[in-house]
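# Topology and contacts: notes
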Amino acid sequence: MTLTVGFDLDMTLIDSRPGIRACYLALSERTGTYIDAELAVTRLGPPLADELVNWFPAEHVAEMADLYREMYPTTAITTTPAMAGARQAMEAVRAAGGRTMVVTAKYEPNAKLHLAHLGLEPDVVVGDLWAEQKARALREHGARVYVGDHVGDVRGARTAGALSVAVATGPCDGDELRAAGADVVLDDLAAFPAWLAGYREAPGAAASLA
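Below is a summary of the structure that appears in this document. Just so it is clear, the structure is predicted and the values come from calculations on it, not from any experiment.

## Looking at the nonpolar core
- Core analysis: the largest hydrophobic core is formed by 29 residues, its most contacted members being F7, L13, V147, V165, L189, F192 and W195.
- Among the secondary structure elements, those contributing two or more residues to this core are strand 1 (4-7), helix 5 (86-95), helix 6 (108-118), strand 4 (145-148), strand 5 (163-167), strand 6 (184-186) and helix 10 (192-201).
- Among the elements that take part in this core, helix 5 stands out by supplying 5 residues, more than any other.
- Residues contacting F192, with those up to four places away along its chain left out, are V5, F7, A89, V93, V147, V165 and L186.
- One finds I35, V61, M64 and A76 within the second-largest nonpolar core, a separate group that totals 24 residues.

In structure tokens form, the structure reads like this:
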């Protein structure tokens, strides 16, 4: 069976904080509504609406989400770098004869723009899924491993029956990720290729490498 590894996007493969900060500031200017962009980028992971409801009345959140997504391509893409080790992590999967997929809560067209801009080329991209919802895509594509930075990613992996590999590069620290049930916690993606090599040799003992 071909090894398929899923990755989250924000704060796993890309450092989306600069672009998202800029987009929130632009949305604030456009609407005349105060948004604490510095605060917002400390809690990335959940769907956009979960953040917008802190700044806009609930009845306007869907409209504001549409406006944010419309502004995003010209505001956020070019200022967003890849996370350290992202390319090497994806290349390690390919070198092992595996497939990569990205499963993210981000609006799928914008997720694809990020990946294209950075030259990251997963085999599959699925957007607009959060936490346990991610299990649908992971199961559909037979992902045996899912890599993410948030406790929601851990829940998605576990719901799918995939190994949860967490990286402590986002809003959740290693202790939170372990408490949520992560099978493996790495400091960052730079440690992923060595972990993957060990996993391929002895999948049952993979967690002991973290």
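## With respect to the layout of surface pockets
- Each pocket or cavity is described by its volume, and for the largest pocket that value is around 390 Å³.
- Around the largest pocket, the lining is made up of 27 residues, and of these D10, G45, P46, P47 and L48 lie nearest the centre.
- Those elements giving two or more residues to the lining of the largest pocket turn out to be helix 1 (17-31), helix 3 (48-52) and helix 4 (61-75).

## A look at the packing of aromatic side chains
- Counting across every chain of the model gives 6 aromatic pairs.
- Measuring from ring centre to ring centre gives 5.6 Å for F192 and W195, while their planes differ by 35 degrees; the resulting arrangement is tilted. Of this pair, F192 and W195 are both found in helix 10, 3 residues apart, which corresponds to roughly one turn of the helix.
- An aromatic cluster of at least three residues, connected via ring pairs, comprises F7, F192, W195 and Y199.

## A word on the sheet that holds strand 6
- Sheet architecture is open: 6 strands sit in the order 3-2-1-4-5-6, paired in parallel fashion. Either end of the sheet is taken by a strand with one partner, and the two such strands are strand 3 (124-126) and strand 6. Between one strand axis and the next, the sheet turns through 20 degrees on average, direction left out of account.
- Here strand 1 pairs with strand 2 (residues 99-103) via 4 bridges, running parallel. Looking at the pairing, G6 lines up with M101 of strand 2.
- Its contacts with the sheet put helix 10 on strand 1, strand 4, strand 5 and strand 6, and the angle it makes with strand 5 is roughly 160 degrees.

## Some remarks on the pattern of salt bridges
- According to the stated counting rule, one finds 10 salt bridges in the structure shown.
- A salt bridge links K134 to D153; its shortest N-O distance comes to 2.7 Å. Placement of K134 in helix 7 (residues 134-140) and of D153 in helix 8 (residues 151-160) is noted, with a sequence separation of 19 residues between them.
- Residue class for K134 comes out buried when judged on its relative accessible area of 1%.

How each quantity is defined
- Residues numbered from 1 in each chain as written.
- Predicted model: local features only at pLDDT ≥ 70, side-chain atom pairs only at ≥ 80, totals over all residues.
- Heavy atoms only, no water.
- Core = buried A, V, L, I, M, F, W, Y, C linked by side-chain atoms within 4.5 Å.
- Buried < 20%, exposed > 50% of the residue type's maximum accessible area, 1.4 Å probe, protein only.
- Helix = DSSP H or I, 4+ residues; strand = E, 2+ residues; numbered from the N terminus.
- Contact = heavy atoms within 4.5 Å.
- 1 Å grid on protein atoms, 1.4 Å probe; cavity = no way out; pocket = protein on both sides within 12 Å on 5 of 7 lines; lining within 4 Å.
- Points joined across faces, edges and corners; volume = space filled by probe spheres on them.
- Phe/Tyr/Trp six-rings, centres within 6.5 Å; stacked < 30°, edge-to-face > 60°.
- Pairing = 2+ DSSP bridges.
- Axes fitted to C-alpha atoms, helices over the stretch in contact; angles between N-to-C directions.
- Salt bridge = Lys/Arg side-chain N within 4 Å of Asp/Glu carboxyl O.

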